[in-house]
2 protein chains.
Amino acid sequence: MRILLIGAAGMIGRKLAVRLAADGAVGGVAITALDLVDVVPPPVPAGLPGRVTVRAADLSAPGTADQLAAARPDLVFHLAAIVSGEAEVDLAKGYRVNLDGTRALLDALMATGTCPRVIFASSLAVFGPPFPARIPDDFAPQPATSYGAQKLMAEILVSDLSRRGLIDGISLRLPTICVRPGAPNRAASGFFSGILREPLAGLPADLPVPETTRHYFASPRAAVGFFLHAATLDTGALGQARALTMPGLSATVGDQIDALRRIAGPSAVALIRRTDDPLVARIVAGWAADFDAARARALGFTVEADMDAILRVHVEDELGGRIVAPASAP
Amino acid sequence: MRILLIGAAGMIGRKLAVRLAADGAVGGVAITALDLVDVVPPPVPAGLPGRVTVRAADLSAPGTADQLAAARPDLVFHLAAIVSGEAEVDLAKGYRVNLDGTRALLDALMATGTCPRVIFASSLAVFGPPFPARIPDDFAPQPATSYGAQKLMAEILVSDLSRRGLIDGISLRLPTICVRPGAPNRAASGFFSGILREPLAGLPADLPVPETTRHYFASPRAAVGFFLHAATLDTGALGQARALTMPGLSATVGDQIDALRRIAGPSAVALIRRTDDPLVARIVAGWAADFDAARARALGFTVEADMDAILRVHVEDELGGRIVAPASAP
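Reading the values: rules and limits
Residues numbered from 1 in each chain as written. Chains lettered and ligands numbered in written order. Predicted model: local features only at pLDDT ≥ 70, side-chain atom pairs only at ≥ 80, totals over all residues. Helix = DSSP H or I, 4+ residues; strand = E, 2+ residues; numbered from the N terminus. Rg over C-alpha atoms; globule rule 2.2 N^0.38 Å. Buried ≥ 20, exposed ≤ 12 C-beta atoms within 10 Å, placed from the backbone. Contact = placed C-beta atoms within 7 Å. Core = buried A, V, L, I, M, F, W, Y, C linked by C-beta atoms within 7 Å. Axes fitted to C-alpha atoms, helices over the stretch in contact; angles between N-to-C directions. Left-handed = near helix turned anticlockwise from the far one by under 90°. Nonpolar A, V, L, I, M, F, W, Y, C, P; charged D, E, K, R; others polar. Pairing = 2+ DSSP bridges. Least-squares fit on C-alpha atoms with pLDDT ≥ 70 in both. pLDDT = per-residue confidence, 0-100. Domains from an automatic or database assignment. Expected span 1.5 Å × (residues − 1). Bend = angle between axes of the 7 residues up to and from the residue.

> Before we move on, can you summarise the overall build of chain A with the specific residues and values?
Along its length, chain A carries 12 helices and 14 strands. By the compact-globule yardstick of 20 Å for 330 residues, chain A fits well, its C-alpha radius of gyration being 20 Å. In terms of overall dimensions, chain A has a C-alpha envelope of 60 × 45 × 40 Å along the principal axes. When burial is assessed residue by residue, chain A has 48% of its 330 residues classed as buried. Considering only residue pairs separated by 6 or more positions, chain A has 78% of its internal contacts joining residues 24 or more positions apart.

Below is the structure:
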């Protein structure tokens, strides 16, 4: 099996590449080639006996998509994107990469005549307010950002080309990833991970919103699992509805803090600093708090059952099983 | 007021141009320039004191959109499209015209910095089965054709650019137009107009589906009214939901025939030949039968109240008020 993974230097992309290399197979079929692509050179995962190619390329640049499709991949993971904030600031770049790049890729894959399985990383940003408390699978998308609009347009293209039998596509609408590894960033959602990740490393973290704030989460490991499950799913069961809201854990900030207390103790919780930020609180209040995701669950997609499990994934996968005691702890 | 009308040689486009020229104003503001564009030269409507320009141009060809936007229109009607059947047969052409052409137009209009009102002719083909008996305004679009996918993608772009204040757009999802003037065509929906239009002209017509078949209609005159109403609508009331399902009349083929009998008598009805066509019946069975359109109605969009009114519009607007007796009638 030949696999093309675009966006392989991103957080989920790197983990997916590591997992593919470690597994050596998808659905029991050996991976003979793994092409890793991103705008910066992606890291080479260890362990794959098959050929691993690493390429730094811009999917939206002329010719790139055709070059990538020339290897006639059987399975394509498309995770490359301009993120939400940048897509809102730079309108043309967002449409060029998130829409035109995706279209160029699908056009090039179509032209191979091989109807590859294509897993497209979409987003719950396709939905916009007003929201019901728990959003059903048949809720009508209404993007409130250009990023969400671009992801939705790409989803529609994936569905249309799949209906025509030109590709065999699935779009995965991902929950907010938590705990997101790495340094704190300026994304409005950053604190959802920061208030767990930083204290688990013995460092302070800011909490800019009330503890009653509710959001919808999956671990990075669960996200990798979504992509792998989608790779072998029987798409005959999907019909024309090729975009799936992934299962997630709906939890409040209070739930997150309670889990942190259980996993790492009160000294870790004491590292969270309440720093009210009305702007962040207002942004986050416009986000959805919960999704039903009944369809994806029925199709076998799974996610953590509680916030404790999400924390344990982080401790195992990022911290080598070790929680760092805060400097000020006894 | 400077108006740009693209798709001005089409059935609705021609009628809209005639109406604009006759009115000489939109919302009480005099029309100083009317630019009529289509891939074939559109007819010049009579009566407008302002400047009328006629242009044969392909919106999806490089440079066309910029040329059209250079006149800095205040109001743009965009009705140009590859129709459903052709978009299904020629995938690349459908995306090029229906998506890329629309995007080129909107990009060029954005670049003027004038935030023009843009009325985009969308379609109920954005929806796909399974349908409820009466489709509510918040039903999630799921196109079953490439045409529907292209229209939906363009709607999302119109909404996103309007949210950003770059254009002031509205997408109108039009019902099936009935009675469609002109010669019979091979569209699967053609009989809905044919069984009325042909007998009213004293000619026979084929009916390939059962009389219980239900569909959703508006007259050409009502469609022109939708565009004119959208031109002066207060878009502040729309929020981010810029795509509107237009009101229509839900009626069965039996309702159509009853109306024909009342308007033109039993001899006209006798010109309808039952010619069962399982393929057409199967295609039509996949179409929606009724829409709520509560939102558009609340915003002041109006349509005929019954099939008799739809027939009378045809007799007045196309037949000069005169019904032709069938050759075989007494």
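> Lay out the nonpolar core in plain terms, naming residues and giving numbers.
Across soluble globular proteins, you tend to see nonpolar side chains buried next to one another. Of all hydrophobic cores here, the largest spans 202 residues; its most connected members are Leu5(A), Ile119(A), Leu172(A), Leu5(B), Ile119(B) and Leu172(B). Discounting residues that sit within four places of it in the chain, Leu172(B) has contacts with Ile119(B), Ala121(B), Ser122(B), Phe226(B), Phe227(B), Ala230(B), Leu244(B) and Met246(B).

> Talk me through the packing of helix α1 (residues 11–23) of chain A against helix α7 (residues 220–232) of chain A; I want residue IDs and the actual numbers.
To describe two helices that pack against each other, one gives the angle between their axes and the distance between the axes. All names here are of chain A. At a minimum axis separation of 9 Å, α1 and α7 run at an interaxial angle of 65°. α1 and α7 meet at a crossing whose hand is right-handed. For the pair α1 and α7, the contacting residues are Met11, Ile12, Lys15, Leu16 and Arg19 in the first and Pro220, Ala223, Val224, Phe227 and Leu228 in the second. Counted by class, the contact of α1 with α7 contains eight nonpolar, no polar and two charged residues.

> Before we move on, can you summarise the sheet that holds strand β5 (residues 51–56) of chain B with the specific residues and values?
Residue and element names in this part refer to chain B. Ordered by their spatial adjacency, seven strands build an open sheet running β5-β4-β1-β6-β7-β8-β12, and the pairing between neighbours is parallel. Edge positions in the sheet fall to β5 and β12 (243–245), since each of these pairs with one other strand and no more. Strand after strand, the sheet turns through a mean of 15° between neighbouring axes, direction not considered. For strand β7 (residues 117–123) and strand β8 (residues 168–174), the ladder comprises seven bridges, and the chain directions are parallel. Note on β8: the bridge partner recorded for Ile119 is Ile170.

> I'd like to hear about the relation of the copies chain A and chain B, residue by residue, with values.
Expressed as a screw operation, the relation of chain A to chain B combines 0.0 Å of axial shift with a rotation of 180°, fitting to an RMSD of 0.0 Å. In the structure described here, the two chain copies are related by an operation that fits a two-fold rotation axis. Among all residues of chain A, the minimum C-alpha distance to the rotation axis is found for Ala140(A), at 2.0 Å. Here 100% of the interface residues in chain A have copies in chain B that are interface residues too; the copies meet face to matching face.

> Could you give an account of helix α6 (residues 190–200) of chain A, with specific residues and numbers?
All names here are of chain A. Across the 11 residues of α6, 10 count as buried, placing the element largely inside the fold. Among the residues making up α6, those that are buried are Phe191, Phe192, Ser193, Gly194, Ile195, Leu196, Arg197, Glu198, Pro199 and Leu200. One or two steps after α6, the chain reaches Gly202, where phi turns positive at roughly 80°.

> Hey, could you go over the pairing of strand β1 (residues 2–6) of chain B for me, with residue numbers and the actual values?
The side chains of a regular strand alternate between the sheet's two faces. All names here are of chain B. Here β1 lies mainly inside the structure; four of its five residues are buried. Note: β1 against strand β4 (residues 33–38), five bridges, orientation parallel. Looking across to β4, one finds that Ile6 is bridged to Val37. The pairing of β1 with strand β6 (residues 75–78) spans four bridges and is parallel. Following the sheet pairing, Leu4 is matched in β6 by Val76.

> Report on the interface of chain A and chain B, specifying residues and quantitative values.
Every contact between the two is made by 17 residues of chain A and, on the other side, 17 residues of chain B. Considering only residue class, the side of chain A that touches chain B consists of 11 nonpolar, four polar and two charged.

> Summarise the environment of Ala149(B); cite the residues concerned and give the values.
Among the structural elements, Ala149(B) can be located in helix α5 (residues 146–163). Of the residues examined, Ala149(B) has 30 C-beta atoms within 10 Å and is grouped as buried. Each C-alpha atom, one on Ala149(B) and one on Tyr95(B), is 9.1 Å from the other, the two residues being 54 residues apart in sequence. In contact with Ala149(B), not counting residues within four places along its chain, are Ile156(A), Leu157(A), Asp160(A) and Pro143(B).

> I'd like a rundown of the sheet that holds strand β7 (residues 117–123) of chain A, residues and numbers included.
Residue and element names in this part refer to chain A. Taken in spatial order, the seven strands make up an open sheet running β5-β4-β1-β6-β7-β8-β12, and their pairing is parallel. In this open sheet, the two edge strands, each paired with only one partner strand, are β5 (51–56) and β12 (243–245). Averaged over all pairs of adjacent strands, the angle between strand axes in this sheet comes to 15°, irrespective of strand direction. The strands touched by α7 within the sheet are β6 (75–78), β7 and β8 (168–174), with β8 carrying the most contacts at an inclination of about 160°.

> Which residues make up the pairing of β6(B), and what are the values?
All names here are of chain B. Neither face of β6 is open: one carries Leu75 and Phe77, the other Val76 and His78, and all of them are buried. Strand direction decides the pairing type here: β6 and β7, joined by four bridges, are parallel. Bridge pairing in β7 links Phe77 to Ile119.

> Would you mind going over the confidence of the model for chain A in detail, with residue names and values included?
Residues of chain A with pLDDT of at least 70 account for 98%, and the chain-wide mean is 95. For this predicted complex, the interface score ipTM comes out at 0.95, alongside a pTM of 0.96.

> Explain the domain arrangement of chain A to me, using residue names and the numbers behind them.
Residue and element names in this part refer to chain A. Considered domain by domain, chain A is made up of domain 1 (2–174) and domain 2 (176–218 + 248–290 + 304–330). Distance from the C-alpha centre of domain 1 to the C-alpha centre of domain 2: 28 Å. With 10 residues of domain 1 at the interface, the matching set in domain 2 holds eight residues.

> A description of unusual backbone geometry should follow, citing residues and the corresponding values.
Here the bond from Pro129(A) into Pro130(A) is cis, since omega is 0°, no more than 30 degrees from zero. With respect to the element layout, Pro130(A) can be found in the loop between β7 and α5 (146–163). The phi angle at Cys115(A) is positive, at roughly 50°, despite the residue not being glycine. One can find Cys115(A) in the loop between α4 (91–112) and β7. Unusually for a residue other than glycine, Ala293(B) sits at a positive phi of about 55°. The residue Ala293(B) is located in the loop between α10 (278–285) and α11 (294–298) in this model.

> Help me get a handle on α4(A), residues and values and all.
An α-helical turn contains 3.6 residues, so any two residues separated by three or four positions project in the same direction. Residues and elements named next belong to chain A. Under the 1.5 Å per step criterion, the end-to-end length of α4 is 31 Å for 22 residues, consistent within 8% with the ideal 32 Å. The largest bend along α4 measures about 30° and falls at Asp100. Considered for burial, the residues of α4 that qualify are Gly94, Tyr95, Val97, Asn98, Leu99, Gly101, Thr102, Arg103, Ala104, Leu105, Leu106 and Leu109. Of the surrounding secondary structure, the elements contacted by the buried residues of α4 are α2 (64–69), β6, α3 (84–89), β7 and α5. Trailing α4 by a residue or two, Gly113 shows a phi angle of about 75°, which is positive.

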